[in-house]
Structure formats: C-alpha cells, structure tokens
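Architecture at a glance
Okay, here's what each chain looks like letter by letter:
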Amino acid sequence: MAKRKPNIVDILIIVVVIVLAAVAVLKFGVVNKTESSGVDASEEQRAYTAFIDEVRMATVNALHEGDKVYDEKTGICIGTITGVSHEPYMKSVIADNGSVTEVEYPDYYSITLTIEGPVIEKEEGYFVEGVVEMKANSEMNVVTKYAKPVMKITSISE
C-alpha cells in the first residue's frame, strides 16, 4: 500500500475534534465546578429552624443534639442539630356546631429543630455547598443517623 498524505479535509476534522474536546473540558470541568461551589460567595455558619409534623415518639427519640442532617437526594450534610423540642400534635377538626377547633392528636408530636450549617448566600437564595437550595417554608426529605423525616424549613437566621 502506498502512503497517503493527509489532505485539507482531514486536517480540518482533526482541528474541529480537538477544539470541541477543549470546549467540553472547559465547560463541564472548570466552569460548572466554579458556579456550583459558589466560589465568589462566602460560606457562613448559620442557624435555621425546621419543623417536622405528625410523627410518633420513636422519631422524636431518634433526633438528638449533635446529629448530622443530610439531604436525601444529594447526600450532602446540611448541618448539625443544635436543639430539639417537641410538643403534642394539634389537629383542626370540625365540631358538631360547625366551628373549627384544635384538638390534641393522640400519640403524635410536632418537632422543632434548630440546625446549624454552612450556608452560602447568593443572589438566587441560600445554598449548602452551592448545591442544596434552602428556602423558608420549603419541605425537604432529610436523613439523620436514626431517622428519615420530611422537614419544613421555617426560618434562616441572618
């Protein structure tokens, strides 16, 4: 077989492939890491309050001060529990006369957690590690060492 010299089309195809590979590495390897980690924003330890509703005493006993709380979807640690308080769960029911009254729902409790974690404040809102968005009045599935509740963030301290 005779050796073939590369022509202009072969050289252009090679150059285009190299440029596309460089753009892909730059976009997915460098730019997204910088954007998602919030390099331009500073990470601060902030306390926020979360509320867990309608749980049994086993869940109340499974939440301890010092336990780490993880986001179930991403597995990222969103903070450490610094305070746990519970009270009987109150449910609204309609009485015989048509009025709505609050009554204690037996064997169920409402839990208020105080959690402290690394939060980044960006223009779009609050984020943990630049990935997990923290919004007031938003629910999120979380995991601790002994429990897997759904919590609602009620406030984020300034």
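All values reported here derive from a predicted model rather than from experimental measurement. (Residues numbered from 1 in each chain as written. Predicted model: local features only at pLDDT ≥ 70, side-chain atom pairs only at ≥ 80, totals over all residues. Heavy atoms only, no water.)

Looking at the overall build of the chain
For the chain, the helix and strand inventory stands at two helices and eight strands. Listing the helices and strands of the chain from first to last along the sequence gives α-β-α-β-β-β-β-β-β-β. Relative to a compact globule of 158 residues, whose C-alpha radius of gyration would be 15 Å, the chain shows 26 Å and is clearly more extended. Dimensions of the chain along its principal axes, counting C-alpha atoms only, are 100 × 35 × 30 Å. For the chain, restricting intrachain contacts to residue pairs at least 6 apart in sequence, the fraction spanning at least 24 positions comes to 63%. (Helix = DSSP H or I, 4+ residues; strand = E, 2+ residues; numbered from the N terminus. Rg over C-alpha atoms; globule rule 2.2 N^0.38 Å. Contact = heavy atoms within 4.5 Å.)

Observations regarding the pattern of salt bridges
Under the criterion given, the structure shown has three salt bridges. The salt bridge partner of R46 is E44, with a shortest N-O separation of 3.1 Å. Residue classification places E44 among the partly exposed positions, given a relative accessible area of 36%. Of the charged contacts, one joins E121 and R46 as a salt bridge, the two residues approaching to 3.0 Å between their closest N and O atoms. Note that E121 is positioned in strand β4 (residues 100–122) and R46 in strand β1 (residues 43–55), a separation of 75 residues in sequence. (Salt bridge = Lys/Arg side-chain N within 4 Å of Asp/Glu carboxyl O. Buried < 20%, exposed > 50% of the residue type's maximum accessible area, 1.4 Å probe, protein only.)

Things to note about the packing of aromatic side chains
The geometry of an aromatic ring pair is captured by two quantities: the separation of the ring centres and the angle between the planes. By the definition in use, this model includes two aromatic pairs. When the centroid spacing of 5.9 Å and the interplanar angle of 80° are considered together, the rings of Y89 and Y105 count as edge-to-face. Taken together, the residues span a long stretch of sequence, with Y89 in strand β3 (residues 77–94) and Y105 in strand β4 at a distance of 16 residues. Pairing Y105 with Y108 gives two aromatic rings, centres 5.1 Å apart and planes at 40°, and the pair type is tilted. Accessibility expressed as a relative area gives 19% for Y108, which makes it buried. Feature note: the residues Y89, Y105 and Y108 constitute an aromatic cluster, connected by ring pairs. (Phe/Tyr/Trp six-rings, centres within 6.5 Å; stacked < 30°, edge-to-face > 60°.)

Regarding unusual backbone geometry
One non-glycine residue, E54, lies in the positive phi region at around 55°. Among the structural elements, E54 can be located in strand β1. For E54, a relative accessible area of 37% translates into the label partly exposed. In the Ramachandran plot, N137 falls in the positive-phi region, its phi being about 65° despite a non-glycine side chain. Mapped onto the fold, N137 is located in the loop between β6 (132–134) and β7 (138–143). On the basis of relative accessible area, N137 is assigned to the exposed category, the value being 56%.

Things to note about the nonpolar core
One broad rule of soluble globular proteins: the nonpolar side chains tend to lie buried together. Judged by nonpolar contacts, the single largest core of 26 residues is most densely connected at Y48, I78, L113, I115, M134, M140 and M151. It is β4 that provides the largest number of residues to this core, a total of five residues. Excluding residues within four positions of it along the chain, M151 makes contact with Y48, A50, F51, I52, I78, I115, S138, E139, M140 and V142. (Core = buried A, V, L, I, M, F, W, Y, C linked by side-chain atoms within 4.5 Å.)

A look at the environment of S157
Here S157 lies in the segment after β8 (150–156). Along the primary structure S157 and I52 are separated by 105 residues, whereas in three dimensions their C-alpha atoms are 18 Å apart. At 2.8 Å, the side chain of S157 forms a polar contact with the backbone oxygen of A47. (Polar contact = N/O pair within 3.5 Å; in protein donor to acceptor, adjacent residues only side chain to side chain.)

Focus on the confidence of the model for the chain
Confidence in the prediction of the chain, expressed as mean pLDDT, is 87, and 91% of residues score 70 or more. Confidence, read as mean pLDDT per element, is least for helix α1 (residues 8–37) in the chain (79) and greatest for strand β2 (residues 68–71) (94). (pLDDT = per-residue confidence, 0-100.)

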